[in-house]
Amino acid sequence: MTNKLFDLTGKTALVTGASHGLGMEIAIGLAEAGAKVVFNNHNAEKKIEAEKAYEKAGFDIKGYLFDVTKEAEVIENIQKIEKEVGPIDILVNNAAIIKRIPILDMKVEEFREVMDIDLVAAFIVSKHVVKGMIERRHGKIINICSMMSELGRDTVAAYAAAKGGLKMLTKSMATEWAKYNIQVNAIGPGYFATSQTASLQATGNPFNDFIISRTPAGKWGDPAQLKGPAVFLASEASDFVNGHVLYVDGGILATIGKPVNT
Ligand code: GCO
């Protein structure tokens, strides 16, 4: 007998920015659990490219063309999705960018751009998706935080500030919306092998060796390892979990680390 606890059959999920990397794996994981999944991209070509990648992988996952930082586009497309696909039961705020620039060298506009996409967009999209969830008295919102929600690293100040803010926005959304049977939680990925981290994980790159030594599991994460945590937080298995950040990091945040060369 299959366990219905993790079954997403009949549910509709929107995963923002899921055109590649971790978001794409999360979208596939939700689809494999039975959900009808859609994503967005603000770039038409990238949206089409991602739809073809999903189709090639055997999934019917449609993209919608809108910018998560533009409220009017968000409102219009949430209405389109709910008309064409169905009420959004699961929202994954995954869309994000990173700019690796030292604070002193970073322009204010660059800082603002990261905050807009990585933090403000989650506020905008959630604020408009949650209205239907409140009416239906059920919903799941999963914000994609980061281990940078807890720790800083040189050159990623804007990203860390946004992801730290997203952690507290998660807890605040949980506080305001739990009474409507809406569970708002977050996933905090550690270091995963994606295009976003390709430059960091190159063999011989000191950062790669640092992460391997700093991670108790002794390796980079495989994006497919985010599927289980996402399905858990999207399913009834987490109906009494609220405001939690589930770190999927191979143990990095659990340890102070060990002396070099031990
Ligand atoms: C970096 C990395 C990190 C990871 C991830 C960690 O530059 O340090 O890109 O930000 O991508 O976000 O949780």
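As the structure is a computational prediction, the values presented were derived from the model and not from experiment.

Visitor: What am I meant to see in the overall build of the protein chain here?
Guide: If you tally the helices and strands in the protein chain, you get 8 helices and 7 strands. Within the protein chain, the proportion of its 262 residues that are buried is 49%. Long-range contacts, defined here as pairs at least 24 residues apart, represent 72% of the contacts in the protein chain between residues at least 6 apart. Accessible area for the protein chain stands at about 12,700 Å²; split by element, carbon and sulfur atoms hold 56% of it.

Visitor: Would you take a moment to explain the side chain of aspartate 67 for this structure?
Guide: By the element assignment, aspartate 67 lies in the loop between strand S3 (62-65) and helix H3 (71-84). Among the polar contacts made by the side chain of aspartate 67, one reaches the side chain of threonine 69 at a distance of 2.7 Å. When residues no more than four places from it in sequence are discounted, the contact partners of aspartate 67 are His42, Glu73 and Val74.

Visitor: Explain the packing of H3 against helix H4 (residues 108-136) here, please?
Guide: Helix-helix packing: each pair is described by the crossing angle between the helix axes and the interaxial distance. Running from N to C, H3 and H4 cross one another at 35°; their axes reach a closest spacing of 8 Å. For H3 against H4, the interelement crossing comes out right-handed. Here Glu71, Val74, Ile75, Ile78 and Glu82 of H3 come into contact with H4, specifically with Ile124, Val125, Lys127, His128, Val129 and Arg136. By residue class, the composition of the contact of H3 with H4 is 6 nonpolar, 1 polar and 4 charged.

Visitor: For this particular structure, what's the right way to read helix H7 (residues 206-214)?
Guide: Quick reminder: α-helices carry 3.6 residues per turn. Residues three or four places apart thus point the same way. Among all positions in H7, only Phe207, Asn208, Ile211 and Arg214 are buried. Angular distribution of buried residues about the axis of H7 spans 135°; they occupy a single face of the element. Turning to H7, the residues buried within the fold contact helix H6 (198-201).

Visitor: I'm lost on the layout of surface pockets in this one. Help?
Guide: Once rolled over the atoms, a probe with the size of a water molecule shows which space is left empty. Taken as a whole, the largest pocket spans an internal volume of roughly 1,000 Å³. Along its surface, the largest pocket is lined by 40 residues, and His20, Asn94, Ala96, Ile97 and Gln196 are the ones closest to its centre. Elements represented by at least two residues in the lining of the largest pocket include exactly helix H1 (21-32), strand S2 (36-41), helix H2 (44-56), H4 and helix H5 (157-177). Looking at the lining of the largest pocket element by element, the count peaks at 3 residues for H1. Taken together, the residues of the lining of the largest pocket break down into 17 nonpolar, 16 polar and 7 charged. Its volume calculated, the second largest pocket comes out at about 180 Å³. Lys11, His138, Lys140, Glu236 and Asp239 are, among the 16 residues lining the second largest pocket, the residues nearest its centre. Residue composition of the lining of the second largest pocket, grouped by class: 4 nonpolar, 5 polar and 7 charged.

Visitor: Just to check I follow, could you spell out the packing of aromatic side chains for this structure?
Guide: Centre distance and the angle of the planes are the two values used to describe a pair of aromatic rings. Scanning the model with the defined rule gives 4 aromatic pairs in all. Between phenylalanine 39 and tyrosine 54 the ring centres are 5.4 Å apart and the planes differ by 50°, which places this aromatic pair in the tilted class. Placement of phenylalanine 39 in strand S2 and of tyrosine 54 in helix H2 is noted, with a sequence separation of 15 residues between them. Members of the aromatic cluster, connected to one another through ring pairs, are Tyr191, Phe207, Phe210 and Trp220.

Rules used in this analysis
- Residues numbered from 1 in each chain as written.
- Predicted model: local features only at pLDDT ≥ 70, side-chain atom pairs only at ≥ 80, totals over all residues.
- Heavy atoms only, no water.
- Helix = DSSP H or I, 4+ residues; strand = E, 2+ residues; numbered from the N terminus.
- Buried < 20%, exposed > 50% of the residue type's maximum accessible area, 1.4 Å probe, protein only.
- Contact = heavy atoms within 4.5 Å.
- Areas by Shrake-Rupley, 256 points an atom, 1.4 Å probe, with all protein chains shown as cover.
- Polar contact = N/O pair within 3.5 Å; in protein donor to acceptor, adjacent residues only side chain to side chain.
- Axes fitted to C-alpha atoms, helices over the stretch in contact; angles between N-to-C directions.
- Left-handed = near helix turned anticlockwise from the far one by under 90°.
- Nonpolar A, V, L, I, M, F, W, Y, C, P; charged D, E, K, R; others polar.
- Arc of directions from axis to C-beta.
- 1 Å grid on protein atoms, 1.4 Å probe; cavity = no way out; pocket = protein on both sides within 12 Å on 5 of 7 lines; lining within 4 Å.
- Points joined across faces, edges and corners; volume = space filled by probe spheres on them.
- Phe/Tyr/Trp six-rings, centres within 6.5 Å; stacked < 30°, edge-to-face > 60°.

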